[in-house]
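Each chain, written out:
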Amino acid sequence: MSQHNEESYEKAMLNAKASMELSGFTITEEHMELVRAKLKGEITEEEFLKIALEKAKKK
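Quick summary incoming for the structure in this document. It should be emphasised that the depicted structure is a prediction, and the values quoted were computed from it without experimental measurement.

## A closer look at the overall build of the protein
Counting secondary structure elements, the protein contains three helices and zero strands. From first element to last, N terminus to C terminus, the protein shows the α and β order α-α-α. Relative to its 59 residues, the protein shows a buried fraction of 14%. Surface summary for the protein: the accessible area is close to 4,800 Å², and the carbon and sulfur share equals 56%.

The structure is reproduced here in structure tokens:
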């Protein structure tokens, strides 16, 4: 991933985080790291969804 893409993704993630928090959701650094891993191709879509579902069930 290029530096420009990484900066664009980070900006978009921070905007989405702020929007979600205004709607009453709590977005942790752990959530952000999961999204980063998916965007960087470190995990597959299937892995992302599995981890996200596991985290949602724990709440």
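On we go from here.
## Some points on a nonpolar patch on the surface
Where nonpolar side chains cluster on the molecular surface, the patch consists of Tyr9, Val35 and Leu39 and spans about 220 Å² of accessible area. Tracing the chain through its elements places valine 35 in helix α2 (residues 29-39).

## Topic: helix α1 (residues 3-22)
Compared with an ideal rise of 1.5 Å per residue, which puts 20 residues at 28 Å, α1 spans 29 Å between its outermost C-alpha atoms and is within 8% of the ideal. Glycine 24 lies just past α1 and shows a positive phi near 100 degrees.

## Focus on the side chain of arginine 36
With respect to the helices and strands, the residue arginine 36 is situated in helix α2. Arginine 36 gets classed as buried once you look at its relative accessible area, which sits at 16%.

## A few points about the pattern of salt bridges
Evaluation of the coordinates by the stated rule reveals six salt bridges. Put simply, glutamate 30 and lysine 55 hold a salt bridge, and the shortest N to O gap is 2.5 Å. Of this pair, glutamate 30 sits in helix α2 while lysine 55 sits in helix α3 (residues 45-58); the two residues are 25 residues apart in sequence, bridging distant segments of the chain. Since its relative accessible area comes to 23%, lysine 55 is described here as partly exposed. Between arginine 36 and glutamate 33 there is a salt bridge whose closest N-O contact spans 2.9 Å. One end of the pair is arginine 36 and the other is glutamate 33, both in helix α2 and three residues apart, which spans about a single turn. What you see here is one network of salt bridges that share partners, running through Glu10, Glu29, Glu33 and Arg36.

Quick notes on the rules
- Residues numbered from 1 in each chain as written.
- Predicted model: local features only at pLDDT ≥ 70, side-chain atom pairs only at ≥ 80, totals over all residues.
- Heavy atoms only, no water.
- Helix = DSSP H or I, 4+ residues; strand = E, 2+ residues; numbered from the N terminus.
- Buried < 20%, exposed > 50% of the residue type's maximum accessible area, 1.4 Å probe, protein only.
- Areas by Shrake-Rupley, 256 points an atom, 1.4 Å probe, with all protein chains shown as cover.
- Patch = residues over 30% accessible without salt bridge, like charges linked within 9 Å, V, L, I, M, F, W, Y side chains within 5 Å.
- Salt bridge = Lys/Arg side-chain N within 4 Å of Asp/Glu carboxyl O.
- Expected span 1.5 Å × (residues − 1).

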